[in-house]
Amino acid sequence: MAVQPLVRFSYSNHGETYSTNVMGTVHVLESARNCKNLKAVVSVTNKCYENKEWLWGYR
């Protein structure tokens, strides 16, 4: 939940969207880093890889 989710808004507000998405992720990861008992973090995205229609996952 560390991103700006409104796609149409992002088209006309590139800088704000980039800042929100990048810094939101930084804040989440920094918070996780400060949790002494945390064992894992799962970060999920659907927009950073080109879909090549491979039969296997991205590598």
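The coordinates are above.
The structure contained in this document is the topic of the report that follows. Fair warning: this is a prediction, and the values are worked out from it, not measured in the lab. (Residues numbered from 1 in each chain as written. Predicted model: local features only at pLDDT ≥ 70, side-chain atom pairs only at ≥ 80, totals over all residues. Heavy atoms only, no water.)

Some details on the overall build of the protein
Consideration 1: Scanning the protein for helices and strands turns up 2 helices and 0 strands.
Consideration 2: The proportion of buried residues among the 59 residues of the protein is 10%.
Consideration 3: In the form shown here, the protein has an accessible surface area of approximately 5,800 Å², with 58% of it arising from carbon and sulfur atoms. (Helix = DSSP H or I, 4+ residues; strand = E, 2+ residues; numbered from the N terminus. Buried < 20%, exposed > 50% of the residue type's maximum accessible area, 1.4 Å probe, protein only. Areas by Shrake-Rupley, 256 points an atom, 1.4 Å probe, with all protein chains shown as cover.)

Section: the pattern of salt bridges
Consideration 1: In this structure the tally under the stated criterion is 1 salt bridge.
Consideration 2: Salt-bridge contacts for Glu-30 lead to Arg-33; the nearest nitrogen and oxygen are separated by 2.6 Å. Of this pair, Glu-30 and Arg-33 both sit in helix H2 (residues 14-33), separated by 3 residues, roughly a single helical turn. (Salt bridge = Lys/Arg side-chain N within 4 Å of Asp/Glu carboxyl O.)

Comments concerning H2
Consideration 1: The end-to-end C-alpha separation of H2 is 28 Å, in line with the 28 Å expected for 20 residues at 1.5 Å each.
Consideration 2: Taken as a whole, H2 has its buried residues at Thr-17, Gly-24 and Ala-32. The buried residues of H2 occupy an angular sector of 60° when the element is viewed end-on, so they sit on one face. Along H2, exposed side chains directed more than 90 degrees from the buried face belong to His-14, Gly-15, Tyr-18, His-27 and Arg-33.
Consideration 3: As for H2, its buried residues are in contact with helix H1 (7-12). (Expected span 1.5 Å × (residues − 1). Arc of directions from axis to C-beta. Contact = heavy atoms within 4.5 Å.)

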